[in-house]
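Okay, here's what each chain looks like letter by letter:
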Amino acid sequence: MNDTAIKVYSEIGKLKKVLLHRPGKELENLMPEYLERLLFDDIPYLEIAQQEHDAFAKIFESLGIEVVYLEDLVVDSLLNDEIKLQFIKEYIEEAGIKESRESSMLKDYFLSFTSPKEMVLKMMEGIRKSEINDYRGPRLADFLSNQYPFIIDPMPNLYFTRDPFATVGEGVSIHKMHTVTRNRETLFAKYIFNCNPIYKGTKLMYDRTEKYSLEGGDILILNEEIVAVGISQRTNPNSIEKFANTLLTEDSSFKKVLAIDIPKTRAFMHLDTVFTMVDYDKFTIHPNIKSDIAVYVLERGDDGNIKITEGKGSLEDILKKALNLDKVKLIKCGGNSIIDAAREQWNDGSNTLCIAPGEVIVYTRNYVTNQILQQEGIKIYTMPSSELSRGRGGPRCMSMPLIREKV
Ligand SMILES: NC(=O)NCCC[C@H](N)C(=O)O
């Protein structure tokens with residue numbers, strides 16, 4: 001591993017390098033019938049979604065922040081034929097292909113790509129039955145009815161690079177995802193962190209082979225000693241204990257994990273859907289998150305085991321204590337109007353990406369929340385979001401910091 005491969009000790013330190021995925025043809029493989037299973041509420045118009053995403057990347061580039069793309073890191077991990085073959089094999093297995101005739105046909109198909117990048121993008125896109133000449137599935141049902149149009153499902157959530165793995169300090173947590181559809185995404189992380197010359201050897205905090213789910217949108221690095229993790233629809237309390245056990249070691253700067261118990265519904269999907277840090281002492285928050293929300297503190301006890309206590313006081317009190325501050329400000333998404341709050345929250349008004357203390361990237365459409373952020377002294381960089389927002393994630397969900405300056 002390169003010395004400066006990963007360094008993320010806060011949510012707010014000046015961002016130096018970030019990982020994105022520009023949405024690709026996987027979005028054109030969304031169909032109304034399967035939206036729920038694929039975790040979408042609508043079908044974005046790809047051309048516009050890509051323009052919006054390019055505008056996002058341009059903000060980083062204009063500020064001197066290096067942008068790297070998921071597919072390129074995967075390609076750079078496929079160092080030889082042996083690794084490439086193993087990767088294809090695992091991808092096919094994890095796509096649910098069991099029959100050997102079908103797997104070998106798919107293996108040949110992937111190997112027929114002369115460009116490894118085109119092959120990886122095709123894996124992300126999914127495979128329609130219509131694109132393989134004379135495809136007839138090996139299952140009797142496929143001969144009788146050809147209704148299901150895919151051999152391999154698309155991976156439309158990949159542009160939310162925040163979730164399948166998360167950088168924490170100088171390590172990485174590769175996730176067991178809550179849903180089958182997103183679990184397939186973590187195979188890319190496995191190869192990046194096992195084989196990519198820059199990222200291999202990165203300390204692993206959690207692995208995709210674990211039993212309980214943990215997703216990156218639930219992990220927020222409050223400072224170099226404290227990480228907050230949402231107990232959410234997507235993240236199980238057992239996984240938080242396991243993660244804390246690997247994170248809180250003697251040679252790590254991290255001393256505490258705050259487990260924040262949020263409602264287990266899609267509207268509150270991850271902690272970062274409802275709560276992000278925008279400055280040393282300021283946070284955005286979904287107005288329906290109650291101040292008396294339960295927070296549990298996990299730390300290593302004298303006997304070496306993880307000790308859990310219930311946090312005392314309101315969320316503000318707990319954050320003040322954790323961050324050693326006299327005051328913290330929780331900025332409500334949509335302000336005091338329940339209508340503006342509901343509308344802007346639906347389009348990820350609370351999901352800001354902090355690129356330096358007091359500077360955030362936000363969606364243009366959440367203008368009520370954005371104005372409040374500005375009144376609170378936060379500098380905003382806005383990006384268009386008509387299509388990207390249909391995937392139910394905002395600027396934080398769409399980015400994985402690789403390097404931040406220490407604050
Ligand atoms: N951290 C996040 O909240 N990520 C957004 C993920 C949206 C995606 N459609 C999902 O349901 O997983």
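Given the structure is predicted, the values throughout are model-derived calculations rather than measurements.

> Can you help me understand the nonpolar core in this one?
As a rule of thumb, soluble globular proteins bury nonpolar side chains together. Grouped together as the largest cluster of nonpolar side chains are 64 residues, with contacts concentrated most on F87 and F243. Ranked by residues supplied to this core, first place goes to helix α8 (residues 186-195) with 7 residues. Sequence-distant contacts of F243, that is, excluding residues within four places in its chain, are made with V168, S173, M205, Y206, L214, I219, V227 and V229. Core analysis: the next-biggest nonpolar cluster, separate from the first, contains 36 residues, L222, I226, I289 and L319 among them.

> Could you clarify how one ought to interpret the environment of T364 in this entry?
Relative to the elements of secondary structure, T364 occurs in the loop between β17 (359-363) and α13 (367-375). Sequence spacing of T364 and V295 is 69 residues, and the spatial spacing of their C-alpha atoms is 32 Å. If sequence neighbours within four positions are ignored, T364 has contacts with N370, T382, M383, P384 and S385. At 2.8 Å, the side chain of T364 forms a polar contact with the backbone oxygen of M383.

> What exactly am I supposed to notice about the UniProt feature "active site" (unreviewed entry) in the chain here?
Feature annotation in UniProt places "active site" (unreviewed entry) on C397, given in this structure's numbering. For C397, the position within the fold is in the loop between β18 (379-383) and β19 (400-404). When its relative accessible area of 3% is taken as the criterion, C397 is described as buried. Not counting residues within four places of it along the chain, the set of residues in contact with C397 comprises Y159, F160, T161, R162, D272, D348 and N351.

> Where do I start with the packing of aromatic side chains in this structure?
Here a ring pair, both rings aromatic, is described through the centre-centre distance and the interplanar angle of the planes. For the structure shown, the criterion picks out 14 aromatic pairs. Here the aromatic rings of F87 and F188 are separated by 6.1 Å at their centres, their planes lie at 55 degrees, and the arrangement is tilted. Residue F87 is found in helix α3 (residues 81-94), and its partner F188 is found in helix α8; the two are separated by 101 residues along the sequence. Neither F87 nor F188 differs from the other in exposure class; each is buried. Where Y109 meets F113, the ring centres are 5.4 Å apart and the plane angle is 70 degrees; that geometry is what we call edge-to-face. One aromatic cluster is present, built from ring pairs that chain together Y91, Y109, F110 and F113. When the ring centre of W346 is taken as reference, the NZ or CZ atom of R392 above it lies at 3.8 Å.

> Would you take a moment to explain the environment of T167 for this structure?
In this structure, T167 sits in strand β5 (residues 165-168). By relative accessible area, which is 4% here, T167 ends up buried. Taking the C-alpha atoms as reference points, T167 and I403, separated by 236 residues in sequence, lie 9.0 Å from one another. The residues contacting T167, other than those within four sequence positions of it, are I6, V8, V172, I221, M400, P401 and L402.

> Help me out: how do you make sense of the site of the ligand in this one?
Within the structure, the ligand sits among 16 residues, and N157, D163, R234, H270 and C397 are positioned closest to it. Between D163 and the ligand, the recorded distance is 2.8 Å, taken from a side-chain N or O atom to a nitrogen atom. Looking at the shell around the ligand residue by residue, the classes come out as 4 nonpolar, 6 polar and 6 charged.

> Would you mind showing me how to read the side chain of Q345 here?
In this structure, Q345 sits in helix α12 (residues 338-346). Beyond its immediate sequence surroundings of up to four residues, Q345 is in contact with A267, T273, V274, H286, C333, D340 and S350.

> Where do I start with unusual backbone geometry in this structure?
Leave glycine aside and you will find that most residues have negative phi; peptide bonds, for their part, are mostly trans. Its identity as a non-glycine residue notwithstanding, N324 has a phi of 60 degrees, on the positive side. Considering the arrangement of structural elements, one finds N324 in the loop between α11 (315-323) and β15 (329-332). Owing to a relative accessible area of 70%, N324 belongs among the exposed residues under this scheme. If you check the backbone angles, R392 has positive phi at about 65 degrees while not being a glycine.

> I keep staring at the side chain of S385 and nothing clicks. Help me out?
Among the secondary structure elements, S385 is positioned in the loop between β18 and β19. Excluding residues within four positions of it along the chain, S385 makes contact with E52, Y363, T364 and R365.

> Please clarify how the pairing of β18 should be interpreted in this entry.
When a strand is regular, its side chains alternate between the sheet's two faces. Relative to β18, β17 is paired through 5 bridges, and the arrangement is parallel. Note on β18: the bridge partner recorded for V360 is I380. Following the chain from β17 across α13 to the adjacent parallel β18, one finds a crossover that is right-handed.

> I tried to follow α12 on my own but got confused; where do I start?
Every α-helix carries 3.6 residues per turn, so stepping three or four residues along brings you back to the same face. Listing the buried residues of α12 in full gives A341, E344 and Q345. End-on view of α12: buried residues confined to an arc of 100 degrees, all on one side of the axis. Structurally, the start of α12 carries an N-cap: the backbone nitrogen of I339 is 3.2 Å from a side-chain oxygen of S337. D348, located one to two residues past α12, shows a positive phi value of around 60 degrees.

> For this particular structure, what's the right way to read the environment of I372?
With respect to the helices, strands and loops of the structure, I372 is situated in helix α13. Residues I372 and C333, 39 residues apart in the sequence, show an inter-C-alpha distance of 8.4 Å. With near-sequence residues (within four places) excluded, I372 lies in contact with I331, K332, G334 and G335.

> Looking at this structure, I do not really get α11. What am I missing?
Buried within α11 are the following residues: L315, I318, L319, A322 and L323. Viewed end-on, α11 has its buried residues packed into an arc of 115 degrees, placing them on one side of the element. The inward-facing, buried residues of α11 contact β9 (226-231), β10 (256-261), β11 (275-279), β12 (282-285), β13 (295-300) and β15. Phi for N324, located one or two positions after α11, is positive at around 60 degrees.

Parameters and conventions
Residues numbered from 1 in each chain as written. Predicted model: local features only at pLDDT ≥ 70, side-chain atom pairs only at ≥ 80, totals over all residues. Heavy atoms only, no water. Core = buried A, V, L, I, M, F, W, Y, C linked by side-chain atoms within 4.5 Å. Buried < 20%, exposed > 50% of the residue type's maximum accessible area, 1.4 Å probe, protein only. Helix = DSSP H or I, 4+ residues; strand = E, 2+ residues; numbered from the N terminus. Contact = heavy atoms within 4.5 Å. Polar contact = N/O pair within 3.5 Å; in protein donor to acceptor, adjacent residues only side chain to side chain. UniProt positions renumbered as here; feature names shortened; annotations may be inferred. Phe/Tyr/Trp six-rings, centres within 6.5 Å; stacked < 30°, edge-to-face > 60°. Lys NZ or Arg CZ within 6 Å of the ring centre and 35° of its normal. Near = heavy atom within 4 Å. Nonpolar A, V, L, I, M, F, W, Y, C, P; charged D, E, K, R; others polar. Pairing = 2+ DSSP bridges. Right-handed = clockwise from strand over helix to strand, strands pointing away. Arc of directions from axis to C-beta.

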